[in-house]
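Summary of structural features
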Amino acid sequence: MNLHSCLNFLVASSVMAKSAVHTASVGWQRPTTDRFQVRGGKPRLRQPSSPRCSATAPAAAVAGRSSLLSAAVEKLFNFPPVYAAAVAQARNKITQRGAKLGIDFNAEVAKLRAAADWGQELQATQDPGLQLPAYYQSSFHAYQQGNLCWEAAWEANMVSQFVHATVMDPERKHMDPEGDAMLRSNYSTKLKQLMHEACMNTDVRHAVDLGCSTGLSTLELHRSFPEAQITAVDLSPYFITVAKHDQRHRQLEAGNTEPIHFRHAAAEATNLPDSSQNLVSACLLFHELPQSAAQNIVREAFRILKPGGVLSIMEMNPASPSFKVVLGNPIAYAAFKSTEPWLLEYMALDLGGLAQSVGFVHVAETSSTPCHKTFVACKSA
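Structural notes, computed from the coordinates. (Residues numbered from 1 in each chain as written. Predicted model: local features only at pLDDT ≥ 70, side-chain atom pairs only at ≥ 80, totals over all residues. Heavy atoms only, no water.)

**Focus on the overall build of the protein chain**
- A tally of helices and strands in the protein chain yields 15 helices and nine strands.
- Looking at the protein chain as a whole, 55% of its 381 residues qualify as buried.
- Sequence-distant contacts in the protein chain: of pairs separated by 6 or more residues, those separated by 24 or more amount to 78%.
- Carbon and sulfur atoms form 54% of the exposed surface of the protein chain, whose accessible area is close to 16,200 Å². (Helix = DSSP H or I, 4+ residues; strand = E, 2+ residues; numbered from the N terminus. Buried < 20%, exposed > 50% of the residue type's maximum accessible area, 1.4 Å probe, protein only. Contact = heavy atoms within 4.5 Å. Areas by Shrake-Rupley, 256 points an atom, 1.4 Å probe, with all protein chains shown as cover.)

Structural data, given as structure tokens:
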């Protein structure tokens, strides 16, 4: 899902100098289909290992940093006055980055705040019977109430644009207002590439966007598969309310109806029929999940996919040079982890092994930006 938090700007600022040096020496490797092997001139899928979901697995991934120093910095960030100061500094950086992109962040948030009777729209959208899992009720992304507040929903689209403005530059220096759009369109490109290389069905008529937030990922899914009927679900009624509000305005301006249906629902329990979907997509969702939820979501994707259907995931890539820079800097790592409570569990998760363990038969992944990857798995036809 999401989307990255305000505090990630603190991460970016604390590692900028080190990142520039590191990426200059390592460079971003040209995107490759990492899980494909070529034999006899034809690509063949390399089978992933069995599921690796141990909570101790991140130890190897972060071996380059001092555990004692990192632990001390993490405790410092957990001290409320320090955390509050860091959040305030990060929000200032958001405002500054918005100004550089020609956007008045505070003014745009105020405009959206005044654009509707949000309480009434929330009441019309929210499923009062939906039981929120415990993992979703903790603090996320520097919001005390996590994704369960208006501020997170009103700010989500702009924060995505600001955070991803540098995403295509390995050194994270050049800002492009289209960075977020390029991140998402690259995902679509790589998804179709992997589907084609594995001879998966690309005729998508029914698709699901899991953890859709305010709909940015859903709109890209619609752009990429315009013939598909899309169901977009999210646990946050605030995000879904903003998504439906924006959709109504788009439809009024365009004079047509989008084939997109936003629903307040859980990704691990969509209530969609068995074997009903051609594609299940999740963008920036899995790093926000404990492993138990990730496993349940992959199982749910398998249940609702038709035979030959595809699960696709776009996520941060812990193996990328940019990610390793953050892991190697205790201050940056602690700042990042303080806004992502399930980060270590995501780093320990073997998506390929998990997908295969629930019944998917083809697994492949490739780089889609200097710090993101695209993953696909196919349900046997």
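**Focus: the layout of surface pockets**
- Approximately 340 Å³ is the volume attributed to the second largest pocket.
- Residue lining of the second largest pocket: 18 residues in total, with N157, M158, Q161, D180 and L216 positioned closest to the centre.
- Going through the elements one at a time, α5 (105-113), α7 (150-163), α8 (179-197), α9 (216-224) and α10 (237-254) are the ones with two or more residues in the lining of the second largest pocket.
- Tallied by class, residues from the lining of the second largest pocket come to nine nonpolar, two polar and seven charged. (1 Å grid on protein atoms, 1.4 Å probe; cavity = no way out; pocket = protein on both sides within 12 Å on 5 of 7 lines; lining within 4 Å. Points joined across faces, edges and corners; volume = space filled by probe spheres on them. Nonpolar A, V, L, I, M, F, W, Y, C, P; charged D, E, K, R; others polar.)

**Re the packing of aromatic side chains**
- With the rule as written, the count across this model stands at eight aromatic pairs.
- Judged by centre distance (6.4 Å) and plane angle (85 degrees), the rings of Y135 and Y136 are edge-to-face.
- In this structure Y136 comes out as buried when scored by relative accessible area, which is 7%.
- Seen in terms of ring centroids, W150 and W154 are 5.6 Å apart; in terms of plane orientation they differ by 15 degrees. Their pairing is stacked. Pair noted here: W150 and W154 are both in helix α7, with a separation of four residues, about one helical turn. (Phe/Tyr/Trp six-rings, centres within 6.5 Å; stacked < 30°, edge-to-face > 60°.)

**Overview of the nonpolar core**
- Membership of the largest hydrophobic core comes to 58 residues, with the highest contact counts inside it found for L210, V280, L285, F286, L289, L311 and F360.
- Ignoring anything within four residues of it in the chain, the contact list for L210 reads V233, A267, T270, V280, S281, A282, C283, L285 and I297. (Core = buried A, V, L, I, M, F, W, Y, C linked by side-chain atoms within 4.5 Å.)

**Here's the deal with the pattern of salt bridges**
- Inspection of every chain in the model, using the stated rule, returns eleven salt bridges.
- Taking the shortest distance from any N to any O, the salt bridge between R250 and E258 comes out at 2.7 Å.
- E258 gets classed as buried once you look at its relative accessible area, which sits at 13%.
- A salt bridge links K373 to E365, with the shortest nitrogen-to-oxygen separation between them at 3.7 Å. The pair formed by K373 and E365 is uniform in burial state, with each residue classed as buried. (Salt bridge = Lys/Arg side-chain N within 4 Å of Asp/Glu carboxyl O.)

**Topic: the side chain of E155**
- Note on placement: E155 falls in helix α7.
- In this structure E155 touches R91, F105, V109 and Y143, once residues within four positions along its chain are discounted.

**Concerning the packing of helix α11 (residues 291-304) against helix α15 (residues 351-358)**
- Put simply, α11 and α15 touch, their axes get as near as 10 Å, and they point 50 degrees apart. The angle between α11 and α15 falls in the class oblique. As for how α11 packs across α15, the hand of that crossing is right-handed. Across from A294, Q295, V298, R299 and F302 in α11, the residues of α15 making contact are L354, A355 and V358.
- Looking at the contact of α11 with α15 residue by residue, the classes come out as six nonpolar, one polar and one charged. (Axes fitted to C-alpha atoms, helices over the stretch in contact; angles between N-to-C directions. Parallel < 35°, antiparallel > 145°, perpendicular 65-115°, else oblique. Left-handed = near helix turned anticlockwise from the far one by under 90°.)

**Some words on the packing of α5 against α7**
- Look at α5 against α7: their axes get within 10 Å of each other, and the N-to-C directions meet at 140 degrees. The crossing of α5 and α7 is right-handed. Within the contact between the two elements, α5 uses F105, E108, V109, L112 and R113 and α7 uses E151, W154, E155, M158, V159 and F162.
- Split into classes, the residues belonging to the contact of α5 with α7 amount to seven nonpolar, no polar and four charged.

**So, the pairing of strand β3 (residues 206-210)**
- Of all five residues making up β3, four are buried, and the element is well covered by its neighbours.
- Relative to strand β4 (residues 229-234), β3 runs parallel, the two being bridged by five bridges. Bridge pairing links H206 to Q229 in β4.
- Considered for its hand, the β-α-β crossover made up of β3, α9 and β4 is right-handed.
- Two elements, β3 and strand β6 (residues 277-283), share four bridges in a ladder whose sense is parallel. For V208, the partnering residue across the bridge sits in β6 and is V280. (Pairing = 2+ DSSP bridges. Right-handed = clockwise from strand over helix to strand, strands pointing away.)

**A short note on the sheet that holds β3**
- The strand order across the open sheet formed by seven strands is β5-β4-β3-β6-β7-β9-β8, and the pairing between neighbours is mixed. Every other strand in the sheet has two partners, leaving β5 (260-264) and β8 (360-369) as the edge strands with one partner each. Taken over all neighbouring pairs, the strand axes of this sheet differ in orientation by 15 degrees on average, direction set aside.
- Across seven bridges, the pairing between strand β7 (residues 305-316) and strand β9 (residues 372-379) is antiparallel. Among the inter-strand pairings, M316 is bridged to a residue of β9, identified as H372.
- Strands in contact with α15 are β7, β8 and β9; relative to β8, the strand with the most contacts, it is inclined by about 155 degrees.

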